[in-house]
Amino acid sequence: MGTLCHLKWLKKTLVSDFHTWWKLQATNTTGKQVPRIYVTRQIPPDGMKILHQSRLCHIEQWDSEDPVPRSELLKKVAGIQGLYCLLTEKIDAEVLDAAGPSLKVVSTMSVGYDHISLQELKKRGIRLGYTPDVLTEAVAELTVALLLAASRRLLEAAEKAKTGGWGTWKPLWMCGHGLTDSTVGILGLGRIGVAVATRLKPFGVKRFLYTDMSARPEVATSIPADSVTVDELARLSDFIVVCCALTPETQGICNKSLFSQMKDTAIFVNTSRGGVVNQDDLYQALVNGQIAAAGLDVTEPEPLPTDHPLFKLKNCVVLPHIASATVSTRNAMAALAANNLLAGLRGEAMEKEVPL
Ligand SMILES: O=C(O)C(=O)CO
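So, how was this worked out
Residues numbered from 1 in each chain as written. Predicted model: local features only at pLDDT ≥ 70, side-chain atom pairs only at ≥ 80, totals over all residues. Heavy atoms only, no water. Domains from an automatic or database assignment. Contact = heavy atoms within 4.5 Å. Buried area = accessible area lost by both parts, 1.4 Å probe. Polar contact = N/O pair within 3.5 Å; in protein donor to acceptor, adjacent residues only side chain to side chain. Near = heavy atom within 4 Å. Areas by Shrake-Rupley, 256 points an atom, 1.4 Å probe, with all protein chains shown as cover. Nonpolar A, V, L, I, M, F, W, Y, C, P; charged D, E, K, R; others polar. Pairing = 2+ DSSP bridges. Helix = DSSP H or I, 4+ residues; strand = E, 2+ residues; numbered from the N terminus. Axes fitted to C-alpha atoms, helices over the stretch in contact; angles between N-to-C directions. Parallel < 35°, antiparallel > 145°, perpendicular 65-115°, else oblique. Left-handed = near helix turned anticlockwise from the far one by under 90°. Salt bridge = Lys/Arg side-chain N within 4 Å of Asp/Glu carboxyl O. Buried < 20%, exposed > 50% of the residue type's maximum accessible area, 1.4 Å probe, protein only.

Quick notes on the domain arrangement of the protein chain
Then, in step 1: We note that the domain assignment places domain 1 (28-133 + 329-354) and domain 2 (136-163 + 175-318) within the protein chain.
Then, in step 2: One C-alpha centre belongs to domain 1, the other to domain 2, and the line joining them spans 32 Å.
Then, in step 3: Contacts between domain 1 and domain 2 engage eight residues on the former and six residues on the latter.
Then, in step 4: Between domain 1 and domain 2, roughly 590 Å² of surface is buried when both sides are summed, and carbon and sulfur atoms account for 43% of that area.
Then, in step 5: For the pair domain 1 and domain 2, the interface holds two residue pairs in polar contact (both at pLDDT 80 or more).

Written out as structure tokens, the structure reads:
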């Protein structure tokens, strides 16, 4: 056999061996074909354990802390039945077409699903699982921490202390704004908005206001919080906390109009999605002293480039989207997403499913 022929034979053998191996991988111990799923990242152990122990599916994974490159995702989804994804993956017609008609379930390890085209899923009859509730407390806690960091100038003050800017105790130095007797406005009174209000109440907040797509009297009375328009929220609040989902209605809702009506002592906090805020307008409001300070856990894009003007402002605290980042919360999210995926593959009701 000539060298070329030999190489061709070797390639054919390897390819055929790969197909045999692949078929073996995609069967369970009873020899039955099992669904193939793709997991787009390293996920917390509780989620992985549930997927492995189910023995219900053959798992392929992007085994990295960093997002799967788009080209790799498009390749890997071909022929899968289930997709376990994160908020960093845009799941649109291109991905769904690459997956093909075998795809039955998408499960995202997030409460937000603005990265997924619901319309495209619906068109193809694909079900969607998500992870509400399990992260509510962690996100609310971080929202309070961020609010305090921005309003009491924690990062600025700590930096001064560390770098020799701490001269002596000065009556007018590093003064911020406190929650006692304040009015707090919540944009989006869902589970997280309510949890934030509950946590802020013991700080002595005088009045809670909220704006939502429609009034939510049942939850609002438990705080209590008054329903107002966006303009009233802007004018009356000492603190505005954004807790709404990113939808076509909320895209860019925090803009020049909102910031220009806010008090110049007011603090703006966002732990929902960066797309809710017009960042150029926010930057101008912070630079021009239209508002006192901002705390952002989410930005557009993410990560926010290190040379972004918002990073240059003393009165803006930017965190790298860590609101749900506690060990137990991330494990709970991973487990819920895994259980949703498995339920979907079995054709059963998911614990948390987005109605399409
Ligand atoms: O679950 C989500 O949507 C997040 O933003 C994670 O904190």
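Some points on the site of the ligand
Then, in step 1: Near the ligand the following residues occur: Leu87, Ser110, Val111, Gly112, Leu135, Arg273, His321, Ser324 and Met333.
Then, in step 2: In the environment of the ligand, an oxygen atom lies 2.8 Å from a nitrogen or oxygen atom belonging to the backbone of valine 111.
Then, in step 3: At 2.8 Å, a side-chain N or O of histidine 321 approaches an oxygen atom of the ligand.
Then, in step 4: Contact with the protein chains covers 93% of the free accessible surface of the ligand, which is 230 Å².
Then, in step 5: In terms of residue class, the shell around the ligand is built from four nonpolar, four polar and one charged.

Regarding the sheet that holds strand β4 (residues 105-108)
Then, in step 1: With parallel pairing, the five strands of this open sheet are ordered in space as β2-β1-β3-β4-β5. Lying at the two open borders of the sheet, with one neighbouring strand each, are β2 (58-61) and β5 (127-129). Averaged over neighbouring strand pairs, the angle between their axes works out to 20° when direction is ignored.
Then, in step 2: Both strand β3 (residues 82-85) and β4 contribute to a ladder of four bridges, which runs parallel. Across the sheet, the residue bridging to leucine 83 is valine 106, located in β4.

So, the packing of helix α6 (residues 136-151) against helix α8 (residues 191-200)
Then, in step 1: For the pair α6 and α8, interaxial distance at closest approach is 9 Å and the crossing angle is 55°. Considering their axes alone, α6 and α8 lie oblique with respect to each other. Considering how the two elements wind past one another, α6 and α8 form a crossing that is right-handed. Here α6 contributes Thr136, Glu137, Val139, Ala140, Glu141, Thr143, Val144 and Leu147 to the contact with α8, which in turn contributes Arg191, Ile192, Ala195, Val196, Arg199 and Leu200.
Then, in step 2: When its residues are assigned to classes, the contact of α6 with α8 shows eight nonpolar, two polar and four charged.

Description of unusual backbone geometry
Then, in step 1: The residue after glutamate 300, namely proline 301, is reached through a cis peptide bond having omega 0°.
Then, in step 2: Mapped onto the elements, proline 301 comes out in the loop between β11 (293-296) and β12 (316-318).
Then, in step 3: The residue after glutamate 302, namely proline 303, is reached through a cis peptide bond having omega -5°.
Then, in step 4: Relative to the elements of secondary structure, proline 303 occurs in the loop between β11 and β12.
Then, in step 5: At arginine 55, a residue that is not glycine, the phi angle is positive and equals roughly 55°.

Description of the sheet that holds strand β8 (residues 225-227)
Then, in step 1: Strand order in the open sheet made by the seven strands is β8-β7-β6-β9-β10-β11-β12, with parallel pairing throughout. Unpaired on one side and paired on the other, β8 and β12 mark the two borders of the sheet. Strand-to-strand, the axes of this sheet are offset by a mean angle of 15°, without reference to chain direction.
Then, in step 2: Note that strand β6 (residues 183-187) and strand β9 (residues 239-242) share four bridges and pair parallel. Looking at the pairing, glycine 185 lines up with isoleucine 240 of β9.
Then, in step 3: Packed onto the sheet, helix α12 (residues 279-287) meets β10 (267-270), β11 and β12 and runs at close to 145° relative to β11.

What to know about the pattern of salt bridges
Then, in step 1: The full count for this structure, using the stated rule, is 16 salt bridges.
Then, in step 2: One salt bridge connects arginine 70 with glutamate 94, and the closest N-O pair in it is separated by 2.8 Å. Highlighted residues: arginine 70 in helix α3 (residues 70-76) and glutamate 94 in helix α4 (residues 93-99), separated in sequence by 24 residues.
Then, in step 3: Of the charged contacts, one joins arginine 273 and aspartate 114 as a salt bridge, the two residues approaching to 3.0 Å between their closest N and O atoms. Of this pair, arginine 273 sits in the loop between β10 and α12 while aspartate 114 sits in the loop between β4 and α5 (118-124); the two residues are 159 residues apart in sequence, bridging distant segments of the chain.
Then, in step 4: Given a relative accessible area of 14%, arginine 273 falls into the buried group.
Then, in step 5: Classification of aspartate 114 as partly exposed rests on a relative accessible area of 35%.

Re the environment of aspartate 264
Then, in step 1: By the element assignment, aspartate 264 lies in the loop between α11 (256-261) and β10.
Then, in step 2: Among the residues examined, aspartate 264 registers a relative accessible area of 54% and is labelled exposed.
Then, in step 3: The sequence separation of aspartate 264 and proline 305 amounts to 41 residues, and the corresponding C-alpha distance is 27 Å.
Then, in step 4: With residues up to four places along the chain from it excluded, the contact list for aspartate 264 reads Gly289, Gln290, Ile291 and Ala292.

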